[in-house]
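# Overview (structure and organization)
Okay, here's what each chain looks like letter by letter:
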Amino acid sequence: MEDVVCSLGEVVDLSVTGMRVFRKGRRVGRVGQVLSVVLKYGHFALPVDARIVRIERTGFLRYVYGLHFEEVNPQIQAKLASLAQVASRKLLISPN
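Residues numbered from 1 in each chain as written. Predicted model: local features only at pLDDT ≥ 70, side-chain atom pairs only at ≥ 80, totals over all residues. Heavy atoms only, no water.

## Overview of the pattern of salt bridges
We apply this condition: By definition here, a salt bridge exists when the distance from a side-chain nitrogen of Lys or Arg to a carboxyl oxygen of Asp or Glu is within 4 Å. Numbering goes from the N terminus for both helices and strands, where a helix is a DSSP run of H or I of at least four residues and a strand is a run of E of at least two. Burial here depends on accessible area, computed with a 1.4 Å probe over protein chains only, as a share of the maximum for the residue type. Under 20% is buried, over 50% is exposed, and the range in between is partly exposed.
A full pass over the atoms with the stated rule returns two salt bridges. Residue Arg51 pairs with Glu70 through a salt bridge whose shortest N-O separation is 3.3 Å. Taken together, the positions of Arg51 in strand E5 (residues 44–59) and Glu70 in the loop between strand E6 (62–69) and helix H1 (74–93) put the pair 19 residues apart, joining distant regions of the chain. Taking relative accessible area as the criterion, Glu70 reaches 21% and is therefore assigned partly exposed. Arg54 is the salt-bridge partner of Glu56, the closest N and O atoms lying 3.2 Å from each other.

Encoded structure:
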């Protein structure tokens, strides 16, 4: 099964309202800033704007971002709900 991925890094938690993303590499953005990110699953791509609400440094060039989705209309919300279901199943059966 493929993972739900984000242009910012590895999606570790996803809901209709936001997500947590693990990033390896240099820090991008600052708390309060809105980023345009793309969530991908297979051939499906969903661009969405997300406000950074938290950045936690977890190691050298490693960060966990807390992001809140901005201006989500009902169509985008339905797509996010579908992606969140896929992500939750993947996280539940992942051996890591």
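## Observations concerning the pairing of E5
We count it as follows: Here the rule is simple: two strands pair whenever DSSP picks up at least two bridges between them.
Strand direction decides the pairing type here: strand E4 (residues 34–41) and E5, joined by eight bridges, are antiparallel. Directly across from Ser36, in E5, lies its bridge partner Asp49. Here E4 hands over to E5 after two residues, with Gly42 in that stretch at a positive phi of 60 degrees. Sheet analysis places E5 next to E6, joined by eight bridges and oriented antiparallel. The residue bridging Gly59 from the neighbouring strand is Arg62, located in E6.

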